[in-house]
Amino acid sequence: KGQGAPGVIVTLRQNERTSGGREYSGPKGVSDNDGNYRIENVLPGSYRILPVAKAYVSAEGSEREKVLIVNKGDTIEHVDFALVRGAVITGKVIDAEGRPIVEEGVSVYTVPDNRTINVLGNSMTDDRGFYRIYGLPAGRYRVAAGRGEESFSGGLVRPYRRTYHPSVSDPAQATVVEVDEGSELKDIDIMFTRTVSTYTVRGRIVDGETGQPLANVAYGITRYEERGSSGGSGGYVTNSRGEFKLENLAPGKYSIPVSNSRDNDLRFDETPFEVVDHDVNDLVIKSSKGGSISGVVVFE
């Protein structure tokens, strides 16, 4: 609205888009009472510059971030940003009995293209089942909780299917909500009615030559999608009897990758298996002796 916005952090990031970039990792400045900011001692390079003000969104027709080429000795002025306060959507996620669903993810999708908005604020429900998402541009949205049937998160799934406000699984039947600049829309509640069937996989990891159980062996879980991609998750360890147990697996094709960090001579084949409509028991993963390659690396 033409007024200076005080206390807004403006940060420079290297223009190379890397997954490890952090919002506050580069040079930065903070706007004063008149909205003016200044970033000094900037090394030459290519940067993205943007304000970090999560409750705000870019005004219509303005850019959220800009690209700058900084040369030695440059002074670049009037790199201005126009922001407006974003909208807020709040609500509660419950089951069919009205009980709150705790730590469930909530997502916002644009209408009509059903594109996922990078939600800000608390996109997870709290201990009362409430969520609060802020920093949304004015527009029309669908709001959903839960994961899709085909999603993979370490093979483990929540027991509820993705459900749109108020209580439908088909996005075409979801109630569309509309928010204006700076508005807050309350009571956008979601009730789960359909559950996802999940199963348990049990088995052992043993020495392939002796059949003896291998204790404290790290293993993970990989799920194979129809389109050929796969994802994995680790952090599990066998017990003293070499046993492993994986719960809350959705139907699908899997394998269990095993770490060989305890003995570099051992290798483990990823034993494939499929979860259909019942638990999988007595799965056995055997180790074998692997070959080795050695050599020398030298600098010229």
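From a predicted model like this one, the values you see are computed outputs, not experimental measurements.

Enquirer: Teacher, can you tell me more about the overall build of the protein here?
Expert: Looking only at helices and strands, the protein features zero helices and 23 strands. Here the protein holds 300 residues, and 35% of them are scored as buried. Sequence-distant contacts in the protein: of pairs separated by 6 or more residues, those separated by 24 or more amount to 64%. For the protein, the accessible surface area stands at approximately 18,200 Å², while carbon and sulfur atoms represent 45% of it.

Enquirer: Explain the packing of aromatic side chains here, please?
Expert: Geometry of an aromatic ring pair is reported as the spacing of the ring centres plus the angle between the planes. Going through the model one piece at a time under the given rule, you end up with four aromatic pairs. Judged by centre distance (5.4 Å) and plane angle (55°), the ring pair of Tyr 219 and Phe 244 falls under tilted. Of this pair, Tyr 219 sits in strand S17 (residues 218–224) while Phe 244 sits in strand S19 (residues 243–249); the two residues are 25 residues apart in sequence, bridging distant segments of the chain. Among the residues examined, Tyr 219 registers a relative accessible area of 5% and is labelled buried.

Enquirer: Any chance you could explain the pattern of salt bridges here in plain terms?
Expert: Here the idea is simple: oppositely charged side chains can pair when their charged atoms come close. Summed over all chains, the structure comprises nine salt bridges. Glu 184 is the partner of Arg 132 in a salt bridge, and the nearest nitrogen-oxygen pair spans 3.7 Å. On the criterion of sequence distance, the pair formed by Arg 132 in strand S10 (residues 130–136) and Glu 184 in strand S14 (residues 184–185) is long-range, its members being 52 residues apart. Taking the relative accessible area as the measure of exposure, Arg 132 reaches 38% and is therefore partly exposed. Among the residues examined, Glu 184 registers a relative accessible area of 40% and is labelled partly exposed. One network of salt bridges, with partners in common, ties together Asp 95, Glu 97 and Arg 99.

Enquirer: Whenever I open this one, the sheet that holds strand S16 (residues 199–206) confuses me. Can you help?
Expert: Within a beta sheet, neighbouring strands are joined by backbone hydrogen bonds and run either parallel or antiparallel to one another. Across the sheet, four strands lie side by side as S19-S16-S23-S21; this open sheet has mixed pairing. One side of each edge strand has no neighbouring strand; the edge strands of this open sheet are S19 and strand S21 (266–268). Between one strand axis and the next, the sheet turns by 30° as a mean value, whatever way the strands run. Sheet topology note: the S21/strand S23 (residues 280–289) ladder contains three bridges and is antiparallel. In the strand pairing of S23, Leu 266 is matched with Lys 289.

Enquirer: Even after reading the chapter, I still don't get the pairing of S17, so can you show me in this structure?
Expert: Two faces, one strand: in a regular strand the side chains alternate between the faces of the sheet. In terms of burial, S17 is a largely internal element, five of the seven residues being buried. Note: S17 against strand S20 (residues 252–255), three bridges, orientation antiparallel. When the sheet's bridge partners are listed, Thr 222 is paired in S20 with Ser 255.

Enquirer: Sorry, what's going on with the sheet that holds strand S1 (residues 9–14) here?
Expert: Spatial strand order, S2-S1-S3-S5: four strands in an open sheet with antiparallel pairing. Only two strands of the sheet have a single neighbouring strand rather than two, namely strand S2 (28–30) and strand S5 (66–70). Each strand axis lies, on average, 25° off the axis of its neighbour in the sheet, ignoring direction. Relative to strand S3 (residues 45–52), S1 is paired through six bridges, and the arrangement is antiparallel. Bridging from a neighbouring strand, Thr 11 pairs with Leu 50 of S3.

Enquirer: Just checking my understanding: could you explain unusual backbone geometry for this structure?
Expert: Where the residue is not glycine, phi is negative for most of them; where a peptide bond is considered, it is trans in most cases. Residue Pro 112 is reached from Val 111 by a cis peptide bond, and omega for that bond is 15°. Secondary-structure assignment places Pro 112 in the loop between strand S8 (106–110) and strand S9 (120–122). Here the residue pair His 165 and Pro 166 is connected by a cis peptide bond, since its omega of 5° sits within 30 degrees of zero. In this fold, Pro 166 is placed in the loop between strand S12 (163–164) and strand S13 (177–179). The phi dihedral of Asp 187 is positive, around 60°, even though this residue is not glycine. Note on placement: Asp 187 falls in the loop between S14 and strand S15 (190–191). Classification of Asp 187 as exposed rests on a relative accessible area of 61%. Backbone geometry places Asp 282, a non-glycine residue, at a positive phi of 60°. Position of Asp 282 relative to the elements: it lies in strand S23.

Enquirer: Is there a simple way to explain the side chain of Thr 238 in this structure?
Expert: As for its placement among the helices and strands, Thr 238 is situated in the loop between strand S18 (230–237) and S19. In this structure the side chain of Thr 238 is engaged in a polar contact, spanning 3.0 Å, whose partner is the backbone nitrogen of Asn 216. In terms of polar contacts, Thr 238 uses its side chain to reach the backbone amide nitrogen of Val 217, at 2.9 Å. Aside from chain neighbours lying at most four places away, what touches Thr 238 is Ile 205, Leu 214, Ala 215, Asn 216, Val 217, Tyr 219, Glu 243 and Phe 244.

Basis of the calculations
- Residues numbered from 1 in each chain as written.
- Predicted model: local features only at pLDDT ≥ 70, side-chain atom pairs only at ≥ 80, totals over all residues.
- Heavy atoms only, no water.
- Helix = DSSP H or I, 4+ residues; strand = E, 2+ residues; numbered from the N terminus.
- Buried < 20%, exposed > 50% of the residue type's maximum accessible area, 1.4 Å probe, protein only.
- Contact = heavy atoms within 4.5 Å.
- Areas by Shrake-Rupley, 256 points an atom, 1.4 Å probe, with all protein chains shown as cover.
- Phe/Tyr/Trp six-rings, centres within 6.5 Å; stacked < 30°, edge-to-face > 60°.
- Salt bridge = Lys/Arg side-chain N within 4 Å of Asp/Glu carboxyl O.
- Pairing = 2+ DSSP bridges.
- Axes fitted to C-alpha atoms, helices over the stretch in contact; angles between N-to-C directions.
- Polar contact = N/O pair within 3.5 Å; in protein donor to acceptor, adjacent residues only side chain to side chain.

Read these as geometric descriptors, not functional statements.
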